Amino acid sequence: KESPDKGVYIKDLIMAPAKNVEEMEKLLAFGNVNRTVHATDMNAVSSRSHAVFTLYLDTLNEVAGKQTVKAGKLNLVDLAGSERQNKTNATGDRLKEGAKINLSLSALGNVINVLAEGKKGVHIPYRDSKLTRILQDSLGGNTKTIMIASISPAADNFDETLGTLRYASRAKNIKNAPKVNEDP
């Protein structure tokens, strides 16, 4: 959903304050426990969804008697892997999940491609997927984005590894010019 106050948000999402690393780790563990995993022929504990853990950080600074607030946002995203039905042998619900995963990864790839081209005034298809909508400000906004790609050393995963490397290579071509979010 979207509102003028919150921007893009997820209905019924849990947003909890954390005062230290231990509290954040507990929240992250809570999210991981609630993540759905099922076995496929490629992975005994295959994640059946993407996961987004968002940290909103505010700092109060005082310099020469003047106070300023700096605000930041950090999205930690674990994308479910792209799936080929002939390798996973998924059927029923697992097949439907795999199709949804692939659709959202494709939509993310389309957004990355447009952003990597760097052309101004071009339509960026953020609304094609819930994932791209949630990550809109992290991809093309006032941000720095880092992608860590996990690949397989197994020869029988060559196609998947090559696809992942191409995906990450396109993502590294995104150029943003972030500015500090500071409010006196």
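Structure shown above.
Residues numbered from 1 in each chain as written. Predicted model: local features only at pLDDT ≥ 70, side-chain atom pairs only at ≥ 80, totals over all residues. Heavy atoms only, no water.

Novice: Which residues make up the overall build of the protein chain, and what values go with them?
Specialist: Each helix and strand counted, the protein chain has six helices and seven strands in total. Reading the helices (α) and strands (β) of the protein chain from amino to carboxyl end gives β-β-α-β-β-β-β-α-α-α-α-α-β. Counting only C-alpha atoms, the protein chain reaches 65 × 40 × 35 Å along its principal axes. Within the protein chain, buried positions represent 24% of all 184 residues. (Helix = DSSP H or I, 4+ residues; strand = E, 2+ residues; numbered from the N terminus. Buried < 20%, exposed > 50% of the residue type's maximum accessible area, 1.4 Å probe, protein only.)

Novice: Please set out the layout of surface pockets residue by residue, giving values where relevant.
Specialist: Here the second largest pocket is characterised by a volume of approximately 230 Å³. Lining the second largest pocket we find 13 residues, and of these Leu 115, Gly 118, Lys 119, Lys 120 and Ile 124 sit closest to its centre. Its residues placed into classes, the lining of the second largest pocket shows six nonpolar, four polar and three charged. (1 Å grid on protein atoms, 1.4 Å probe; cavity = no way out; pocket = protein on both sides within 12 Å on 5 of 7 lines; lining within 4 Å. Points joined across faces, edges and corners; volume = space filled by probe spheres on them. Nonpolar A, V, L, I, M, F, W, Y, C, P; charged D, E, K, R; others polar.)

Novice: Which residues make up the sheet that holds strand S5 (residues 51–63), and what are the values?
Specialist: Spatial strand order, S5-S6-S7: three strands in an open sheet with antiparallel pairing. Lying at the two open borders of the sheet, with one neighbouring strand each, are S5 and strand S7 (181–183). The average undirected angle you get between the axes of adjacent strands in this sheet is 20 degrees. As judged from the 13 bridges shared by S5 and strand S6 (residues 66–78), these two strands associate in the antiparallel manner. Of the residues in S6, the one forming a bridge with Phe 53 is Leu 76. (Pairing = 2+ DSSP bridges. Axes fitted to C-alpha atoms, helices over the stretch in contact; angles between N-to-C directions.)

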